[in-house]
Amino acid sequence: MKKKIAVRTAIASAVIAPAMVFAGGTAAAVPALSAGASGEVVVTVPAGENWTCFGFDSGFNFKTGAFGPGPAGKLSGFVKGNATVFCFGGTAPFFFTGSVAVK
């Protein structure tokens, strides 16, 4: 099981790390991530921005969503523990990542 997770993490890192190199610049605002109800990550998008996010947890459950400004959106279906969320936007820095403790 540990080898399986290590391989998945290595693959995800190989895909994501190059995108992080291009995340130069400073954003006036990026999405805020927080824990929601059981199994949820709440994504709050700043006014005037749109972000597409995907996340995965320790069980490698993969969830995606597109979020516009206004009320917070949710990525649901994660197992209890930590979830890592990656978001892509149309304004600098164009890429944002964060980790959230899921209830």
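How each quantity is defined
- Just so you know, the residues in each chain are numbered from 1, in the order the chain's sequence is written.
- Only residues with pLDDT of at least 70 are given local features in this predicted model, and only at 80 or more are side-chain atom pairs given and counted; all residues enter the totals for whole chains, interfaces and linings.
- Only hydrogens and water are set aside; all other atoms, that is, all heavy atoms of the structure, feed into the side-chain values.
- Per-residue accessibility, obtained with a 1.4 Å probe over protein chains only, is compared with the maximum for each type, and a residue is labelled buried under 20%, exposed over 50%, and partly exposed between these values.
- Working definition: helices are DSSP H or I runs of at least four residues, strands are E runs of at least two. Numbering for both runs from the N terminus.
- A pair of strands is considered paired only if DSSP assigns at least 2 bridges between the two.
- Pairing of aromatic rings covers Phe, Tyr and Trp, the last through its six-membered ring, and needs centres within 6.5 Å; plane angles under 30 degrees mean stacked, over 60 mean edge-to-face, and all others mean tilted.
- For this text, the term disulfide refers to a pair of cysteine sulfurs within 2.5 Å.
- Axis lines are fitted to C-alpha atoms, over the contacting stretch for helices. Their N-to-C directions set the angle, which ranges from 0 to 180 degrees.
- Asp and Glu count as negative and Lys and Arg as positive, but His and the ends of the chain are not part of the count.
- Basic side-chain nitrogens of Lys or Arg form a salt bridge, by our definition, when they fall within 4 Å of a carboxyl oxygen of Asp or Glu.
- Think of a polar contact as two N or O atoms within 3.5 Å of one another; within protein, one of them needs to be a possible hydrogen donor and the other a possible acceptor, and neighboring residues in sequence only count if both atoms come from side chains.
- Contacts: residue pairs with any heavy atoms within 4.5 Å of one another.

Undergrad: Please clarify how the pairing of strand β2 (residues 40-44) should be interpreted in this entry.
TA: For a regular strand, the rule is simple: side chains alternate between the two faces of the sheet. A large share of β2 lies buried, amounting to 4 of its 5 residues. Where strand β1 (residues 32-35) and β2 come together, 4 bridges link them in antiparallel fashion. Looking across to β2, one finds that Ala 35 is bridged to Val 41. Where β1 folds back onto β2 in an antiparallel hairpin, the turn is made up of 4 residues, including Gly 39, whose phi is positive at roughly 80°.

Undergrad: Would you mind showing me how to read the packing of aromatic side chains here?
TA: What describes a pair of aromatic rings is the distance from one ring centre to the other and the angle between the planes of the rings. Taken as a whole and assessed by the stated rule, the structure comprises 7 aromatic pairs. Each member of the aromatic cluster is reached from another via a ring pair, and the members are Phe 54, Phe 56, Phe 60, Phe 62, Phe 86, Phe 88 and Phe 95.

Undergrad: Explain the state of the cysteines here, please?
TA: What is meant by a disulfide is a covalent connection between two cysteines, made through their sulfur atoms. The tally for this structure, following the rule as stated, stands at 1 disulfide. A disulfide bridge connects Cys 53 with Cys 87, and the sulfur atoms are separated by 2.1 Å. Its S-S torsion of approximately 105° makes the covalent link between Cys 53 and Cys 87 right-handed. You can see Cys 53 sitting in strand β3 (residues 51-57) and its partner Cys 87 sitting in strand β6 (residues 81-89), a full 34 residues away along the chain. As far as the burial class goes, Cys 53 and Cys 87 line up, both buried.

Undergrad: For this particular structure, what's the right way to read the sheet that holds β2?
TA: Pairing between the strands of a sheet comes from backbone hydrogen bonds, and it takes one of two forms, parallel or antiparallel. With respect to topology, 3 strands assemble into an open sheet ordered β1-β2-β5, the strand pairing being antiparallel. Strands at the two margins of the open sheet, each flanked by one partner only, are β1 and β5 (73-76). Within this sheet the neighbouring strands show an average axis-to-axis angle of 25°, counted without direction. As paired strands, β2 and β5 are joined by 4 bridges and run antiparallel to one another. From the neighbouring strand, Val 42 faces β5, where its bridge partner is Lys 74.

Undergrad: Please explain the side chain of Asp 57 as it appears in this structure.
TA: If you trace the backbone, Asp 57 turns up in strand β3. Comment: no salt bridge for buried Asp 57; closest opposite-charge side chain is Lys 63, at 7.3 Å. Side-chain polar atoms of Asp 57 contact the backbone nitrogen of Gly 59, separated by 2.9 Å. A distance of 2.8 Å separates a polar side-chain atom of Asp 57 from the backbone nitrogen of Val 79. The contacts of Asp 57, once residues within four sequence positions are left out, are Gly 77, Phe 78, Val 79, Asn 82 and Ala 83.

Undergrad: Even after reading the chapter, I still don't get the environment of Phe 78, so can you show me in this structure?
TA: Here Phe 78 is to be found in the loop between β5 and β6. Along the sequence, Phe 78 and Lys 63 sit 15 residues apart, while their C-alpha atoms lie 8.2 Å from each other. With sequence-adjacent residues up to four places away left out, Phe 78 is seen in contact with Gly 39, Val 41, Gly 55, Phe 56, Asp 57, Asn 61, Lys 63, Ala 83 and Val 102.

Undergrad: Is there a simple way to think about the sheet that holds strand β7 (residues 95-102) in this case?
TA: Strand order in the open sheet formed by 4 strands is β4-β3-β6-β7, with antiparallel pairing between adjacent strands. Strands at the two margins of the open sheet, each flanked by one partner only, are β4 (62-67) and β7. If you compare each strand with its neighbour and ignore which way they point, the axes differ by 20° on average. Note that β6 and β7 share 8 bridges and pair antiparallel.

Everything listed here is a matter of geometry and, on its own, says nothing about what the molecule does.
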